[in-house]
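# Structure assessment
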Amino acid sequence: IRQGHIICIRELHLTQISHGTEKIWMTWLFRKQKRRTQKEQRMKRKKDFEISFFIVGCILMNYAGKMVAEKLALPIWLDSVGTVFTAYVFGPVCGAIVGATANIIYSLHAPIALLYCLTNIAVGVTVGICARKGFLRSVFGVLSTAFVVTVLSIAISTPLNYILADGMTGNT
């Protein structure tokens, strides 16, 4: 390094001083880097909190949908809305986890609901994969995904309904 030249290497500034000795301005740089990493950590914690809050909200949405369908004796289940939102936003694995968690929580009241966990997992995985592949960017893709999810839900739930509830949905 010649006298008077400045070299920047990954936030570490080396300045050439007289007679070939180098002085490292680390104090200022480390403080700046420490402030930056603290800010990044705060942002990461905030993002983690927002993700957790969203996922818990979707689990509660599934649970509330199941309770509304049961109380109003609707012939359909509304317990997949949160699963679909989560699968769309965070992918198939997260969607499956939210769907399964909602059914596991509901199975504390009605143990038979634990078997329907398979339906919610299938819905989460299907919507998550379709979202990742870009099928939900057009009306045709959304309708096609809805059709696939409907057929898959029927294929999984109908045998369970016949085995467990004599063909009824369990709400009536």
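Residues numbered from 1 in each chain as written. Predicted model: local features only at pLDDT ≥ 70, side-chain atom pairs only at ≥ 80, totals over all residues. Heavy atoms only, no water.

What follows covers the confidence of the model for the protein chain. Any segment with low pLDDT has predicted coordinates that should not be analysed in fine detail. Mean pLDDT over the protein chain stands at 79; residues scoring 70 or higher make up 74%. Confidence over residues 1–28 falls short of pLDDT 50; this stretch has 34 contacts with residues more than four positions distant or in other chains. (pLDDT = per-residue confidence, 0-100. Contact = heavy atoms within 4.5 Å.)

This brings us to a nonpolar patch on the surface. On the surface, a nonpolar cluster with roughly 520 Å² of combined accessible area is contributed by Phe 54, Met 61, Val 81, Phe 85, Tyr 88 and Val 89. Residue assignment for the nonpolar patch shows that the elements contributing at least two residues are helix H1 (26–71) and helix H2 (81–90). Take the nonpolar patch: its biggest share by element is 4 residues, from H2. (Patch = residues over 30% accessible without salt bridge, like charges linked within 9 Å, V, L, I, M, F, W, Y side chains within 5 Å. Areas by Shrake-Rupley, 256 points an atom, 1.4 Å probe, with all protein chains shown as cover. Salt bridge = Lys/Arg side-chain N within 4 Å of Asp/Glu carboxyl O. Helix = DSSP H or I, 4+ residues; strand = E, 2+ residues; numbered from the N terminus.)

By volume, the largest pocket is sized at about 480 Å³. Contributing elements (two or more residues each) for the lining of the largest pocket: H2, helix H4 (117–133) and helix H5 (139–165). Sort the elements by how many residues they give to the lining of the largest pocket and H5 lands first, with 7 residues. Looking at the lining of the largest pocket residue by residue, the classes come out as 10 nonpolar, 10 polar and 2 charged. (1 Å grid on protein atoms, 1.4 Å probe; cavity = no way out; pocket = protein on both sides within 12 Å on 5 of 7 lines; lining within 4 Å. Points joined across faces, edges and corners; volume = space filled by probe spheres on them. Nonpolar A, V, L, I, M, F, W, Y, C, P; charged D, E, K, R; others polar.)

Bringing helix H3 (residues 92–106) into the picture now. Over its 15 residues, H3 runs 21 Å from end to end, which matches the ideal 21 Å to within 8%, given 1.5 Å per residue. Those residues of H3 that fall on the buried side of the exposure criterion are Pro 92, Gly 95, Ala 96, Val 98, Gly 99, Ala 100, Ala 102, Asn 103 and Tyr 106. (Expected span 1.5 Å × (residues − 1). Buried < 20%, exposed > 50% of the residue type's maximum accessible area, 1.4 Å probe, protein only.)

Before going further, it helps to spend a moment on the packing of H2 against H4. The contact between H2 and H4 brings their axes to 8 Å, and the two run at 35°. Read as a crossing pair, H2 and H4 show a hand that is right-handed. From H2, Thr 83, Val 84, Ala 87, Tyr 88 and Phe 90 reach across to H4, where they touch Asn 120, Val 123, Gly 124, Val 127, Gly 128, Ala 131 and Arg 132. (Axes fitted to C-alpha atoms, helices over the stretch in contact; angles between N-to-C directions. Left-handed = near helix turned anticlockwise from the far one by under 90°.)

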